[in-house]
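Analysis of the macromolecular model
As a plain string of letters, each chain reads:
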Amino acid sequence: MPRIRLTASAQDDLAEIWHYVAVEQQSPLNADSLADAFDERFQLLAAHPHTGEAVEHLRPGTRRSIVKKRFLVFYQAEAKGVLILRVLHGARLIQPDDLE
């Protein structure tokens, strides 16, 4: 089974997204649904790591995938799966420093 690893930044991103949707928007069911969508995408990327769009201009070896038309998952393929670098809102202007 392919392995999924998350950086500390990606873990923080997911926690912040869940908190915003569950608490700020008062929609814990939507937050849980979004968390499930992220998990499903991570599983897909681990099984097929080259399906995402290459974003070499941001960081060599990095790809991105869109979840729910709003969130960008930045990741790198590894020998046995993927490393999730960040999960960011698509409206944000992403800079190379955001993926460090």
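This structure is a prediction, so every number in the text was calculated from the model and none was measured.

Quick word on the overall build of the protein chain
On a plain count of helices and strands, the protein chain comes out with two helices and five strands. Taken from the N to the C terminus, the helices and strands of the protein chain come in the order β-α-α-β-β-β-β. In summary, the protein chain has a C-alpha radius of gyration of 13 Å against a globular reference of 13 Å for 100 residues, a match within 12%. With the C-alpha coordinates aligned to their principal axes, the bounding extent of the protein chain is approximately 40 × 30 × 25 Å. Expressed as a percentage of the 100 residues in the protein chain, the buried residues total 38%. For the protein chain, the proportion of contacts with a sequence separation of at least 24, taken over those separated by at least 6, is 47%. Side-chain charges of the protein chain comprise 12 positive and 14 negative groups, with the mean position of each set lying 6 Å from the other.

What to know about a negative patch on the surface
Residues Asp-32, Asp-36, Asp-39 and Glu-40 make up a contiguous surface patch of negative charge. Judged by its relative accessible area of 48%, Asp-36 falls in the partly exposed class.

Focus: the environment of Leu-58
As for its placement among the helices and strands, Leu-58 is situated in the loop between β2 (53–54) and β3 (62–67). Residues Leu-58 and Arg-5 lie 53 residues apart in sequence; the distance between their C-alpha atoms is 20 Å. Dropping the residues within four chain positions of it, Leu-58 is found in contact with Phe-74, Ile-94, Gln-95, Pro-96 and Leu-99.

Things to note about the environment of Leu-83
Tracing the sequence through the fold places Leu-83 in strand β5 (residues 81–89). Residue contacts for Leu-83: discarding those within four places in its chain leaves Arg-5, Leu-6, Thr-7, Phe-74, Tyr-75, Gln-76 and Glu-78.

Cut-off values and rules
- Residues numbered from 1 in each chain as written.
- Predicted model: local features only at pLDDT ≥ 70, side-chain atom pairs only at ≥ 80, totals over all residues.
- Heavy atoms only, no water.
- Helix = DSSP H or I, 4+ residues; strand = E, 2+ residues; numbered from the N terminus.
- Rg over C-alpha atoms; globule rule 2.2 N^0.38 Å.
- Buried < 20%, exposed > 50% of the residue type's maximum accessible area, 1.4 Å probe, protein only.
- Contact = heavy atoms within 4.5 Å.
- Lys, Arg positive; Asp, Glu negative; His and termini not counted.
- Charge placed at Lys NZ, Arg CZ, Asp CG, Glu CD.
- Patch = residues over 30% accessible without salt bridge, like charges linked within 9 Å, V, L, I, M, F, W, Y side chains within 5 Å.
- Areas by Shrake-Rupley, 256 points an atom, 1.4 Å probe, with all protein chains shown as cover.
- Salt bridge = Lys/Arg side-chain N within 4 Å of Asp/Glu carboxyl O.

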